[in-house]
Amino acid sequence: MPSSQPSISNLIETAFQTARFRQSELDNKWVALSMKVGLPSASINIQRAGSIDLVLRCMEDEFAHSVGLEASPPDFSFHYQKMLSEIWVAISYEILRAIRQRAQQVAQQPVVQPFDPSIIQKVSSLLVDLERLRMPLEKYEIAKDHAIKEPMPFVRFGGGAEISSMYDPQNPRRNHIMPSSVSDRGSIMWLALDVQARREYWLERREMADRFLAIAAPSA
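Just so we're clear, the structure is a prediction, and the values are computed from it rather than from any experiment. (Residues numbered from 1 in each chain as written. Predicted model: local features only at pLDDT ≥ 70, side-chain atom pairs only at ≥ 80, totals over all residues. Heavy atoms only, no water.)

Caption draft 1: The arrangement of the overall build of the protein in detail. On a plain count of helices and strands, the protein comes out with 6 helices and 5 strands. When the helices and strands of the protein are listed from N to C terminus, the series reads α-α-α-α-α-β-β-β-β-β-α. Taken over 220 residues, the protein has a buried fraction of 38%. Summarising the internal contacts of the protein: among those between residues at least 6 apart in sequence, 61% fall at separations of at least 24. (Helix = DSSP H or I, 4+ residues; strand = E, 2+ residues; numbered from the N terminus. Buried < 20%, exposed > 50% of the residue type's maximum accessible area, 1.4 Å probe, protein only. Contact = heavy atoms within 4.5 Å.)

Written as structure tokens, this is what we have:
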């Protein structure tokens with residue numbers, strides 16, 4: 001006897017279709033961007049990153065709207081939002097890394113039509129920020145930690161000034177847990193670390209998605 005419950009595949013498909021309907025203007029922008037970056041083979045992956053972005057924007061809007069409302073039964077929707085946000089960071093990083101790498105190769109071959117310099121400049125800027133997130137998220141280490149010449153002290157996030165751990169780039173068991181939070185827009189934020197400048201700064205997922213979409217926009 002067939003089950004009356006909807007299939008997981010149909011539920012997932014419905015979520016993406018609904019997000020595309022609610023964010024139709026942004027959906028068109030992701031498709032248009034995929035045709036402009038100068039690397040046709042990356043087009044499908046850009047559109048996939050765009051699809052995840054649309055779902056996340058819907059989840060972010062719902063999360064922001066729910067703040068301050070009466071408590072509801074616990075659910076794991078935020079857990080999945082964070083999981084998809086991390087996946088979006090990883091996919092976006094690899095797309096932009098490939099575009100920058102191809103642009104560098106083209107620059108060494110004058111007979112090949114070059115990439116748009118304004119696009120590559122924007123790609124490189126966003127790629128730096130994505131790398132500072134990707135390395136802790138996927139490799140559990142600080143990006144460019146070879147620049148750390150001696151163990152770096154860390155304090156527990158939100159726990160005062162007492163040193164809670166030391167990060168030693170020479171230690172195979174080194175581990176970096178990047179602090180995260182949620183913006184007023186309901187989007188995941190991460191506290192990125194620039195080891196060369198010895199500074200920390202927050203990066204919001206939605207803001208990075210906006211920057212991704214602006215890559216092919218005319219420069220001011």
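Caption draft 2: Spotlight on the side chain of Glu-204. Of note, Glu-204 is situated in strand S5 (residues 199-204). Owing to a relative accessible area of 11%, Glu-204 belongs among the buried residues under this scheme. Excluding anything up to four places from it in sequence, Glu-204 contacts Ser-183, Arg-185, Ser-187, Ile-188 and Met-189.

Caption draft 3: Representation of helix H2 (residues 24-34) within the structure. Leu-26, Asp-27, Trp-30, Leu-33 and Ser-34 are the residues of H2 that are buried. What you see down the axis of H2 is that its buried residues fit within an arc of 125°, all on one side. Facing away from the buried side of H2 by more than 90 degrees, the exposed set consists of Glu-25 and Asn-28. (Arc of directions from axis to C-beta.)

Caption draft 4: The arrangement of the environment of Cys-58 in detail. Relative to the helices and strands, Cys-58 is located in helix H3 (residues 43-66). Since its relative accessible area comes to 10%, Cys-58 is described here as buried. Taking the C-alpha atoms as reference, Cys-58 lies 8.0 Å from Arg-22; in sequence the two are 36 residues apart. Setting aside residues up to four positions removed in sequence, Cys-58 forms contacts with Ala-19, Arg-22 and Gln-23.

Caption draft 5: Representation of the packing of H3 against helix H6 (residues 205-213). Packing of H3 against H6 leaves a shortest axis separation of 11 Å and a crossing angle of 145°. Like other packed secondary-structure pairs, H3 and H6 cross with a definite hand, here left-handed. Contacts between H3 and H6 involve Ile-46, Asp-53, Leu-56, Arg-57, Glu-60 and Asp-61 on the former and, on the latter, Arg-205, Arg-206, Ala-209, Asp-210, Phe-212 and Leu-213. Broken down by class, the residue content of the contact of H3 with H6 amounts to 5 nonpolar, no polar and 7 charged. (Axes fitted to C-alpha atoms, helices over the stretch in contact; angles between N-to-C directions. Left-handed = near helix turned anticlockwise from the far one by under 90°. Nonpolar A, V, L, I, M, F, W, Y, C, P; charged D, E, K, R; others polar.)

Caption draft 6: Spotlight on the pattern of salt bridges. On inspection of all chains with the given rule, the structure shows 19 salt bridges. Of the charged contacts in the structure, one is a salt bridge between Arg-205 and Glu-60, with a shortest N-O distance of 2.8 Å. With Arg-205 in helix H6 and Glu-60 in helix H3, this residue pair connects regions lying 145 residues apart in the sequence. This pair shows no difference in class: Arg-205 is buried, exactly as Glu-60 is. A salt bridge links Arg-174 to Glu-141; the nearest nitrogen and oxygen atoms lie 3.1 Å apart. Residue Arg-174 is found in the loop between strand S2 (163-167) and strand S3 (180-182), and its partner Glu-141 is found in the loop between helix H5 (117-139) and strand S1 (152-155); the two are separated by 33 residues along the sequence. Residue classification places Glu-141 among the buried positions, given a relative accessible area of 16%. (Salt bridge = Lys/Arg side-chain N within 4 Å of Asp/Glu carboxyl O.)

Caption draft 7: Looking closely at the environment of Ala-216. You can see Ala-216 is positioned in the segment after H6. Separated by 96 residues in the primary sequence, Ala-216 and Ile-120 have C-alpha atoms spaced 9.5 Å apart. Filtering out sequence-adjacent residues up to four positions away, Ala-216 remains in contact with Leu-33, Lys-36 and Ile-119.

Caption draft 8: Up close: the environment of His-65. Assignment of secondary structure puts His-65 in helix H3. Of the residues examined, His-65 reaches a relative accessible area of 60% and is grouped as exposed. Distance in space between the C-alpha atoms of His-65 and Gly-186 is 8.1 Å, their sequence separation being 121 residues.

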